[in-house]
Amino acid sequence: MQRFLSSSPEETEQIAERLAKTLSGNEVIAMFGGLGAGKTAFTRGLARGLGAGDCVSSPTFALVNEYEGRFPIYHFDMYRVATYDDLYTTGFFDYLGSGIMVIEWSENIEGLLPDEKMTVTIRPVSEEQREITIEGAQTI
Amino acid sequence: MRILAIDTSACPVSAALMEDGFLLGEFFLNTKTTHSQTLMPIVESLLRAAAVDIKDIDVFAVNTGPGSFTGVRIGTASVKGLSMPLDKPCASVSTLEAMAYGLPYDSGIACAVMDARCSQVYNALFRLNGHEPERLTDDRAVSIEDLADELAGYSERIYLAGDGAELCARAFDGRLTNVVLPPQNIRYQHAYGTACAAQRLIRENRLLSSDALMPLYLRLPQAERELKKKQSGGKPDQ
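Residues numbered from 1 in each chain as written. Chains lettered and ligands numbered in written order. Predicted model: local features only at pLDDT ≥ 70, side-chain atom pairs only at ≥ 80, totals over all residues. Heavy atoms only, no water.

### Here's the deal with the overall build of chain A
Our working rule: Where helices and strands are cited, they refer to DSSP runs of H or I of at least four residues and of E of at least two residues respectively, numbered from the N terminus. C-alpha atoms define the radius of gyration, and 2.2 Å times the number of residues to the power 0.38 defines the globule rule. Whether a residue is buried, partly exposed or exposed follows from its accessible area with a 1.4 Å probe, protein chains only, as a fraction of its type maximum: under 20%, in between, or over 50%, in that order.
A tally of helices and strands in chain A yields 4 helices and 7 strands. Against the 2.2 N^0.38 benchmark of 14 Å for 140 residues, chain A shows a C-alpha radius of gyration of 14 Å, consistent with a compact globule. Viewed in the frame of its principal axes, chain A has a C-alpha envelope of about 40 × 30 × 25 Å. Split into buried and exposed, the 140 residues of chain A put 55% on the buried side.

### Comments concerning the packing of helix 1 (residues 9-20) of chain A against helix 2 (residues 39-49) of chain A
All names here are of chain A. Defined as follows: Axis definition: a line fit to C-alpha positions, over the contact stretch in the case of helices; interaxial angles, taken between N-to-C directions, run 0 to 180 degrees. For classification purposes, angles smaller than 35 degrees are called roughly parallel, those larger than 145 roughly antiparallel, those between 65 and 115 roughly perpendicular, and all remaining angles oblique. Put simply, a crossing is left-handed when the front helix is turned counterclockwise from the back one by less than a right angle, and right-handed when it is turned clockwise. Contacts were defined at the residue level, with two residues in contact if any of their heavy atoms lie within 4.5 Å. Under the scheme applied, nonpolar residues are Ala, Val, Leu, Ile, Met, Phe, Trp, Tyr, Cys and Pro; charged residues are Asp, Glu, Lys and Arg; polar residues are all the others, including Gly.
Running from N to C, helix 1 and helix 2 point in directions that differ by 45°, and their axes come no closer than 7 Å. As summarised for this structure, helix 1 and helix 2 are arranged oblique, according to the angle between their axes. Considering how the two elements wind past one another, helix 1 and helix 2 form a crossing that is right-handed. Residues Pro9, Thr12, Glu13, Ile15, Ala16, Glu17, Leu19 and Ala20 of helix 1 touch helix 2, and the partners they reach there are Ala41, Phe42, Arg44, Gly45, Leu46, Arg48 and Gly49. Taken together, the residues of the contact of helix 1 with helix 2 sort by class into 8 nonpolar, 3 polar and 4 charged.

### Observations concerning the domain arrangement of chain B
Residues and elements named next belong to chain B. Cut-off, in case you're wondering: Those domain boundaries reflect an automatic or database domain assignment. By definition, a salt bridge exists where a carboxyl oxygen of Asp or Glu is found within 4 Å of a side-chain nitrogen of Lys or Arg. Polar contacts here mean pairs of N or O atoms no more than 3.5 Å apart (in protein, one a potential hydrogen donor and the other a potential acceptor; neighbouring residues in sequence count only if both atoms are side-chain atoms).
The domain boundaries assigned to chain B delineate domain 1 (2-95 + 189-222) and domain 2 (98-187). At the junction of domain 1 and domain 2, the tally comes to 2 salt bridges. Ionic pairing is found between Glu132 and Arg200, a salt bridge with its closest N-O pair at 3.6 Å. Along the contact surface separating domain 1 from domain 2 lie 8 residue pairs in polar contact (both at pLDDT 80 or more). Elements with a minimum of two residues in the side of domain 1 that touches domain 2: strand 4 (59-65), strand 5 (90-94) and helix 7 (191-203).

### Structural notes on the sheet that holds strand 6 (residues 118-124) of chain A
All names here are of chain A. Formally: We call two strands paired when DSSP finds no fewer than two bridges between them.
Taken together, the 7 strands give an open sheet; going across it, the order is 1-7-6-2-5-4-3, and neighbouring strands pair in mixed fashion. The open sheet has two edge strands with one neighbour each: strand 1 (2-6) and strand 3 (64-68). Here the average twist between neighbouring strands, direction ignored, is 20°. Taken together, the 5 bridges between strand 4 (residues 72-77) and strand 5 (residues 100-104) define a ladder with parallel strand orientation. Within strand 5, the position partnered with Phe76 by the bridge is Ile103. Strands in contact with helix 1 are strand 1, strand 6 and strand 7 (130-135); relative to strand 1, the strand with the most contacts, it is inclined by about 150°.

### Points about the sheet that holds strand 5 of chain B
Residue and element names in this part refer to chain B. Here we have 5 strands laid out as an open sheet, ordered 3-2-1-4-5, and mixed in their pairing. Looking at the sheet topology across the chains shown, the edges are occupied by strand 3 (22-29) and strand 5. Between one strand axis and the next, the sheet turns by 20° as a mean value, whatever way the strands run. Pairing geometry for strand 1 (residues 2-7) and strand 4, over 4 bridges, is parallel. What sits directly across from Ala5, in strand 4, is Ala61. Of the strands in this sheet, strand 1, strand 4 and strand 5 touch helix 2 (residues 69-83), which is tilted by about 160° from strand 4.

### So, the confidence of the model for chain B
In regions of low pLDDT, the predicted coordinates are not meant to be interpreted in detail. For clarity, the cut-off: The predictor attaches a confidence to each residue, called pLDDT, with possible values from 0 through 100.
Looking at chain B as a whole, its pLDDT mean stands at 93, while 97% of the residues score no less than 70. Taken as a whole, residues 234-238 of chain B scores under 50 in pLDDT and shows 11 contacts with residues more than four places along the chain or in a different chain.

### Looking at the interface of chain A and chain B
Using the following cut-off: In short, buried area is how much 1.4 Å probe accessible area vanishes from two parts on joining, totalled over both.
Contacts between the two partners involve 21 residues from chain A, matched on the other side by 24 residues from chain B. Surface buried jointly by chain A and chain B totals about 1,900 Å² across both partners, of which 55% is contributed by carbon and sulfur atoms. Counting the surface chain A buries against chain B, the share from its top three residues, Tyr84, Tyr88 and Asp94 of chain A, is 30%. Taken together, chain A and chain B are joined by 1 salt bridge. A salt bridge links Arg219 of chain B to Asp85 of chain A, with the shortest nitrogen-to-oxygen separation between them at 2.8 Å. Residue assignment for the side of chain A that touches chain B shows that the elements contributing at least two residues are helix 3 (84-88) and helix 4 (92-95) of chain A.

### Re helix 1 (residues 35-49) of chain B
All names here are of chain B. We count it as follows: Every helix has an expected span of 1.5 Å times one less than the residues it contains. Picture the helix axis, draw a direction to every C-beta atom, and the arc is the one those directions span.
Over its 15 residues, helix 1 extends 20 Å from the first C-alpha to the last, a length consistent with the 21 Å expected when each residue adds 1.5 Å. Residues of helix 1 that are buried: His35, Thr38, Leu39, Ile42, Val43, Leu46 and Leu47. The arc that holds every buried residue of helix 1, seen down its axis, measures 150°, which confines them to one face. Among the exposed residues of helix 1, those oriented more than 90 degrees off its buried face are Gln37, Arg48 and Ala49. In this structure, the buried residues of helix 1 make contact with strand 1, strand 2 (13-19), strand 3 and helix 2. Positive backbone phi, approximately 55°, marks Ala51, located one or two places after helix 1.

Written as structure tokens, this is what we have:
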């Protein structure tokens, strides 16, 4: 388990960029953390670190956004996913193993996440500060 | 009578061309490529190589499920699109039944299994007789454990087919000694099996119009419970 303290969204992005360097192309990255924790900022850093540029937007309405970097990146938002059918009909299971899957609001599908995964938990410490915990990843 | 059959229900993709019960040609690919990109070139090259015009197809057959959400939709939508402008009928085939048709054994049980995740499989059982598989169960979602218990009631050979075959073979290992993992060329679903199943639907007058063709999904009640269990108790501290 690795712990980081971030004082700004920019710093959160930098930590994610470092994580991106360790990825091999088909990881599942389950993100936990409430509204405004910085999950999208983290994903933005991750995508940039994977050479996809500044392309990240929140997939709250689309459910999944796809970006092309060194590997395909599938950016999910499970905020509105409440049932197994909801999850199945996003095509979630069809994406597994075909690229890097970054999953915001993993809380909502925790029971159906694959065993093989990384978890990123972002916890507000103060208005600006965030504690970022990464499990299942190489040392960054 | 010419049948064009396609399967995109899981990882493999295939197309087969059958004329009066004779397999003219088949194209099978089992890579990780996207069916939406591979299916049409496969259909096109199969027809061209066999020198058959799409207008000369009498029935379009497709595995309409069970299977992956996207895969089943790609297959169903493609066959709708191919058949509609030509005003030709469609055969809606169960992926599991197509697998049973692909097994060339004249006795024993066909156990078609597709990995539905969460230790569950989409499954149906058929008795093989060398002609047309005789259905023993409906298509259903079942846990691998429950399936093992049920299979213990059969003493004849049980042939596994589908992308859940290896998964089940491992799970059954040591418990069921009559289970057989057939060679790869017949283990996975093939459009050949789809075409065979379509012949029966033609004979029994059970074809559909393009607009009546629909994806058929199976519910996974256990996965729903799994999700709810974690949602109510497993949230990390905020």
